[in-house]
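Breakdown of the fold
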Amino acid sequence: MSESNTPPGMELTLRTLAMPADANPAGDIFGGWVMSQMDLAAAVRADERARGRTATVAVHEIVFRKPVKIGDTLCVYTKIEKVGRSSITLKIESWARRHYDQTREMVTEAVFVMVALDQDGKPRPVDSQA
């Protein structure tokens, strides 16, 4: 996969650098940090689609395939799989661009479910025409 390519049907939503503060003593990045980056990307994409505030209500099928290392660039891609009355289901893939050799590998994947919220924090309908 070249730098300019994205997984089919997906959109690059977040890109960040894995830093030493996010690692365990072996130099692998904690899975919770990767998951939090995926959650941020899900929120960005869902907020855009819902045209307002959303919140994470579920994470399904998260699979940590390969470790992320200090210095890797984590690229998080999103795809809207389904829009319900108030929910948005997204497929999320995280890819690491390796720091030393510039190769790219899928490291984590999951399905996130976000719900659109009104000003009072209650579920609200998502515009089906957006």
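Residues numbered from 1 in each chain as written. Predicted model: local features only at pLDDT ≥ 70, side-chain atom pairs only at ≥ 80, totals over all residues. Heavy atoms only, no water.

Here the focus is helix α1 (residues 31–50). Compared with an ideal rise of 1.5 Å per residue, which puts 20 residues at 28 Å, α1 spans 28 Å between its outermost C-alpha atoms and is within 8% of the ideal. Among the residues of α1, Trp33, Val34, Gln37, Met38, Ala41, Ala42, Arg45, Ala46, Arg49 and Ala50 are the ones counted as buried. Turning to α1, the residues buried within the fold contact β1 (11–17), β2 (54–64), β3 (73–83), β4 (87–97) and β5 (104–116). (Helix = DSSP H or I, 4+ residues; strand = E, 2+ residues; numbered from the N terminus. Expected span 1.5 Å × (residues − 1). Buried < 20%, exposed > 50% of the residue type's maximum accessible area, 1.4 Å probe, protein only. Contact = heavy atoms within 4.5 Å.)

Further remarks concern the UniProt feature "domain: HotDog ACOT-type" (unreviewed entry) in the protein chain. The feature "domain: HotDog ACOT-type" (unreviewed entry), as given by UniProt, occupies residues 8–120 in the numbering adopted here. Secondary structure across residues 8–120 divides into 18% helix and 47% strand, with the first and last C-alpha atoms of the span separated by 37 Å. (UniProt positions renumbered as here; feature names shortened; annotations may be inferred.)

Looking now at the sheet that holds β4. Strand order in this open sheet of five strands is β1-β3-β4-β5-β2, and the pairing throughout is antiparallel. Only two strands of the sheet have a single neighbouring strand rather than two, namely β1 and β2. In this sheet, adjacent strand axes meet at a mean angle of 25 degrees when their direction is disregarded. Relative to β5, β4 runs antiparallel, the two sharing eleven bridges. Opposite Ala96, over in β5, you have Glu105 as the bridge partner. Lying on the sheet, α1 is in contact with β1, β2, β3, β4 and β5; it crosses β3 at an angle near 45 degrees. (Pairing = 2+ DSSP bridges. Axes fitted to C-alpha atoms, helices over the stretch in contact; angles between N-to-C directions.)

We now examine the side chain of Asp22. Along the chain, Asp22 falls in the loop between β1 and α1. For the buried residue Asp22, which engages in no salt bridge, the nearest side chain bearing the opposite charge is Arg98, 13 Å off. At a separation of 3.3 Å, a polar atom in the side chain of Asp22 contacts the side chain of Trp33. Apart from the residues within four sequence positions on either side, Asp22 is in contact with Asp28, Ile29, Phe30 and Trp33. (Lys, Arg positive; Asp, Glu negative; His and termini not counted. Salt bridge = Lys/Arg side-chain N within 4 Å of Asp/Glu carboxyl O. Polar contact = N/O pair within 3.5 Å; in protein donor to acceptor, adjacent residues only side chain to side chain.)

Below, the discussion takes up the pairing of β4. Most of β4 is tucked away: eight of the eleven residues are buried. The pairing of β3 with β4 spans ten bridges and is antiparallel. Bridging from a neighbouring strand, Ile80 pairs with Leu90 of β4. A loop of three residues connects β3 with β4, the two strands running antiparallel in sequence. What sits between the antiparallel neighbours β4 and β5 is a turn of six residues, in which Gln102 has the positive phi angle 65 degrees.

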